[in-house]
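Structure assessment
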Amino acid sequence: MASRTAFVYDSSFPLRQLEQFFIRHSKDVFNRLEFSRALEEARHLAEGKHFLKVMDIDALVVVDNDIRVGFEIKTLRDDVVNYYGRDGRKYVKVNGNQYRSYMEFVKRTGIDVHYLIRVQARGGDYFYAWGVLGTPVRFEWLGSEEFGTRDYYALVKRSSVTKLEDRVELAKYLRDLIFRR
């Protein structure tokens, strides 16, 4: 239902509201880019050399004035997120620098950050979910320098990750994580 035709025949959502949503979302993307560029300029103006990483937590869930959990929300293809290591084990592969930053955030604040990955697969989408706190992880450089694909990754054993088959399982997972305390 991602086609233009779907929006033509499904009039349950007014087009003007949809337009406003996309305009606001586009402005948000622009603002984030502008902010990142300003931070980079500030780094160049600062004395000394600094390694700068910019990251955001996609969702911070607050229930009854209590910060319960943060989320890193991604959509990745099945062949990108699933990695078979040299040791023959199955891993879920995500950005290593970001993961290390979340580990530091969790350590300093005590607020866990959970990865929620919608996996696009031929047989239908499913979800992976896990928290940074207490989940074993290893880090590796993967890819080819020759082809410009070399990057730093966090590898989480697939056995440490919850696989959710559909939105019903996702809702139950979120209920248990956020509301059962």
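Residues numbered from 1 in each chain as written. Predicted model: local features only at pLDDT ≥ 70, side-chain atom pairs only at ≥ 80, totals over all residues. Heavy atoms only, no water.

1. Structural notes on the nonpolar core
Quick note on the threshold: Think of a nonpolar core as a cluster: buried Ala, Val, Leu, Ile, Met, Phe, Trp, Tyr and Cys residues, connected wherever their side-chain atoms sit within 4.5 Å. Using a 1.4 Å probe on the protein chains alone, a residue whose accessible area is under 20% of its type maximum counts as buried, one over 50% counts as exposed, and one in between counts as partly exposed. Helix and strand definitions here come from DSSP, where helices need a minimum of 4 consecutive H or I residues and strands a minimum of 2 consecutive E residues; each element is numbered from the N-terminal end. Contacts are assigned to residue pairs that have any heavy atoms within 4.5 Å of one another.
Within the largest apolar cluster, 19 residues are counted, with the highest numbers of intra-cluster contacts made by Tyr99, Tyr115, Ile117, Tyr128 and Trp130. Secondary structure elements with two or more residues in this core: β4 (90–95), α4 (96–109), β5 (113–120), β6 (126–131) and β8 (151–157). Counting residues per element, this core draws most heavily on β5, at four residues. Aside from chain neighbours lying at most four places away, what touches isoleucine 117 is Lys74, Leu76, Val81, Val92, Val94, Tyr126, Phe127, Tyr128 and Trp130.

2. Some thoughts on the side chain of glutamate 140
Structurally, glutamate 140 can be placed in strand β7 (residues 137–142). What glutamate 140 contacts, discounting residues up to four positions off in sequence, is Tyr83, Arg86, Asp151, Tyr152, Tyr153 and Leu155.

3. Let's talk about the sheet that holds β8
Rule in force here: Any two strands with at least two DSSP bridges between them are considered paired. Lines fitted to the C-alpha atoms define the axes, with helices restricted to the stretch that makes contact. Angles between their N-to-C directions range from 0 to 180 degrees.
Strand order in the open sheet made by the four strands is β3-β4-β8-β7, with antiparallel pairing throughout. Strands with a single pairing partner mark the edges of an open sheet, and in this sheet they are β3 (82–84) and β7. Going across the sheet, the axis of each strand differs from the next one's by a mean of 45 degrees, ignoring polarity. Relative to β4, β3 runs antiparallel, the two sharing three bridges. Along β4, the bridge assignment pairs tyrosine 83 with tyrosine 91.

4. Focus: the pattern of salt bridges
Applied cut-off: When a carboxyl oxygen of Asp or Glu lies within 4 Å of a side-chain nitrogen of Lys or Arg, that pair is called a salt bridge.
Considering all chains together, one arrives at 17 salt bridges under this definition. In this structure, lysine 107 engages glutamate 104 in a salt bridge whose closest nitrogen and oxygen atoms are separated by 3.7 Å. Note that lysine 107 and glutamate 104 are positioned in helix α4 at a spacing of three residues, about one turn of the helix. Take glutamate 104: its relative accessible area is 30%, and that puts it in the partly exposed class. As a salt-bridge pair, arginine 138 and glutamate 140 come within 2.2 Å of each other at their nearest N and O atoms. With relative accessibility at 27%, the residue arginine 138 sits in the partly exposed group. Residues joined by salt bridges that share partners form a network here, namely Arg86, Asp87, Arg138 and Glu140.

5. Concerning the environment of asparagine 97
Structurally, the position occupied by asparagine 97 is in helix α4. For the pair asparagine 97 and phenylalanine 51, spaced 46 residues apart in sequence, the C-alpha separation works out to 12 Å.

6. Looking at the sheet that holds strand β2 (residues 66–77)
Across the sheet, five strands lie side by side as β1-β2-β5-β6-β9; this open sheet has mixed pairing. Whereas interior strands pair on both sides, the edge strands pair on one side only; in this sheet they are β1 (59–63) and β9 (162–164). Pairwise comparison of adjacent strand axes, ignoring direction, gives a mean angle of 25 degrees for this sheet. Across five bridges, the pairing between β1 and β2 is antiparallel.

7. Quick word on the side chain of serine 144
Short version of the rule: Pairs of N or O atoms within 3.5 Å make up the polar contacts considered here, provided that, within protein, one atom can donate a hydrogen while the other can accept it, and that residues adjacent in sequence are counted only when both atoms are side-chain atoms.
Looking at the secondary structure, you find serine 144 in the loop between β7 and β8. Polar side-chain contacts of serine 144 include one of 3.1 Å to the backbone nitrogen of phenylalanine 147.

8. Section: unusual backbone geometry
Residues other than glycine seldom take positive phi values, yet aspartate 64 does so here, at roughly 50 degrees. Note on placement: aspartate 64 falls in the loop between β1 and β2. In this structure aspartate 64 comes out as exposed when scored by relative accessible area, which is 71%. Positioned with a positive phi, asparagine 65 is a non-glycine residue whose angle comes to about 65 degrees. Mapped onto the elements, asparagine 65 comes out in the loop between β1 and β2. Residue classification places asparagine 65 among the exposed positions, given a relative accessible area of 79%.

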